[in-house]
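Architecture and fold: a report
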Amino acid sequence: MATTTAAQRREQARSEYDAFLRSCPTNQLLDRLSDKWVSLVVSALAPGPQRYSDLARRIAGVSPKMLTQTLRTLERDGILTRKVTPSVPVRVDYELTPLGSNLALLLTAVKDWAEIHFDEVQAARRRYDEDGADV
């Protein structure tokens, strides 16, 4: 019987991920990454570290509770780091990790695509609504 190394077992487990299966952890990760607040936070941090207050101003419409929850989740997932500097008031900075910077390339591209192609999507929606969807 052939033995396998830990690295070989990890590689085998990785190759067995299937995001199309609901029970697969990668499916759950995709669900998290597709959240609009995650996309906007990661894209906002792509240029460099920012304070909580800067992020809150930059990301229109995000409530303090949702921003805090999103930041904690991304920190837990290893996407960003949180640095607290004792001062009055306390200064909290957030920065992407190398993993987060890699993700930012993708999410920023999706954000940019949405900004560039929104008029086309809006026109398609209008055509669809005017023609009446044949369902």
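Residues numbered from 1 in each chain as written. Predicted model: local features only at pLDDT ≥ 70, side-chain atom pairs only at ≥ 80, totals over all residues. Heavy atoms only, no water.

**Considering the sheet that holds strand 2 (residues 80-85)**
To keep it simple, the criterion reads: Two strands form a pair only when DSSP identifies at least two bridges running between them. Secondary structure elements are taken from DSSP: a helix is a run of H or I of four residues or more, a strand is a run of E of two residues or more, and numbering for both begins at the N terminus.
The strand order across the open sheet formed by three strands is 1-3-2, and the pairing between neighbours is antiparallel. Edge positions in the open sheet fall to strand 1 (50-51) and strand 2, since each of these has one partner strand only.

**Comments concerning the pairing of strand 2**
Bridge analysis of strand 2 against strand 3 (residues 91-96) gives six bridges, and the strand direction is antiparallel. Paired with L80 across the two strands is L96, which belongs to strand 3. If you look at the hairpin formed by strand 2 and strand 3, you'll find five residues sitting between the two strands.

**Comments concerning the pairing of strand 3**
By the bridge criterion, two bridges tie strand 1 to strand 3 in an arrangement that is antiparallel. Residue pairing in the sheet places Q50 in a bridge with Y94 of strand 3.

**Here we look at the nonpolar core**
Convention followed: The term nonpolar core refers to a set of buried residues drawn from Ala, Val, Leu, Ile, Met, Phe, Trp, Tyr and Cys, joined through side-chain atoms within 4.5 Å. Between buried and exposed lies partly exposed: a residue is buried under 20% and exposed over 50% of the maximum accessible area for its type, with that area taken using a 1.4 Å probe on protein chains only. Contacts are assigned to residue pairs that have any heavy atoms within 4.5 Å of one another.
Formed by 21 residues in total, the largest nonpolar core has its most connected members in V41, V42 and L80. At the level of elements, helix 3 (36-45), helix 5 (64-76), strand 3 and helix 6 (98-131) are the ones that each hand at least two residues to this core. At six residues, the largest contribution of residues to this core is made by helix 3. Apart from residues lying up to four places away in sequence, V42 is in contact with L74, I79, L96, G100, L103, A104 and L107.

**Things to note about the confidence of the model for the chain**
Predicted coordinates in regions of low pLDDT should not be interpreted in detail. As a reminder, the rule being used: By definition, pLDDT measures how confident the predictor is in each residue, and it falls between 0 and 100.
Confidence in the prediction of the chain, expressed as mean pLDDT, is 90, and 92% of residues score 70 or more. Confidence scores differ between elements of the chain, with helix 1 (residues 6-15) showing the lowest mean pLDDT of 66 and helix 5 the highest of 97.

**Things to note about the layout of surface pockets**
The line we're drawing: Buried and open spaces are told apart on a 1 Å grid over the protein atoms alone, a cavity being a set of points where a 1.4 Å probe fits but cannot get out and a pocket being an open set with protein on both sides within 12 Å along at least five of seven lines. Residues with an atom within 4 Å of a point are the lining residues. Grid points are joined across faces, edges and corners, and a volume is the space filled by probe spheres set on the points. Here the nonpolar group is Ala, Val, Leu, Ile, Met, Phe, Trp, Tyr, Cys and Pro; Asp, Glu, Lys and Arg are the charged ones; every other residue, Gly included, is treated as polar.
Roughly 160 Å³ of volume is contained in the largest pocket. Taken together, L40, S43, A44, R58, I59, A60, K111 and E115 form the lining of the largest pocket. Secondary structure elements with two or more residues in the lining of the largest pocket: helix 3 and helix 6. Here the residues of the lining of the largest pocket are counted per class, giving four nonpolar, one polar and three charged.

**With respect to the packing of helix 3 against helix 6**
Short version of the rule: Helix axes use the C-alpha atoms of the stretch in contact, all axes being lines fitted to C-alpha atoms, and the angles between their N-to-C directions lie in the range 0 to 180 degrees. Roughly parallel covers angles under 35 degrees, roughly antiparallel covers those over 145, roughly perpendicular covers 65 to 115, and oblique covers all other angles. Left-handed describes a crossing whose near helix is turned anticlockwise from the far helix by less than a right angle; the clockwise case is right-handed.
Packing of helix 3 against helix 6 brings their axes to within 8 Å, and their N-to-C directions diverge by 110°. With respect to each other, helix 3 and helix 6 are oriented roughly perpendicular. As for the relative orientation of helix 3 and helix 6, their crossing is left-handed in sense. Across the interface between the two elements, V38, S39, V42 and S43 of helix 3 pack against G100, L103, A104, L107, T108 and K111 of helix 6. Grouping the constituent residues of the contact of helix 3 with helix 6 by class yields five nonpolar, four polar and one charged.

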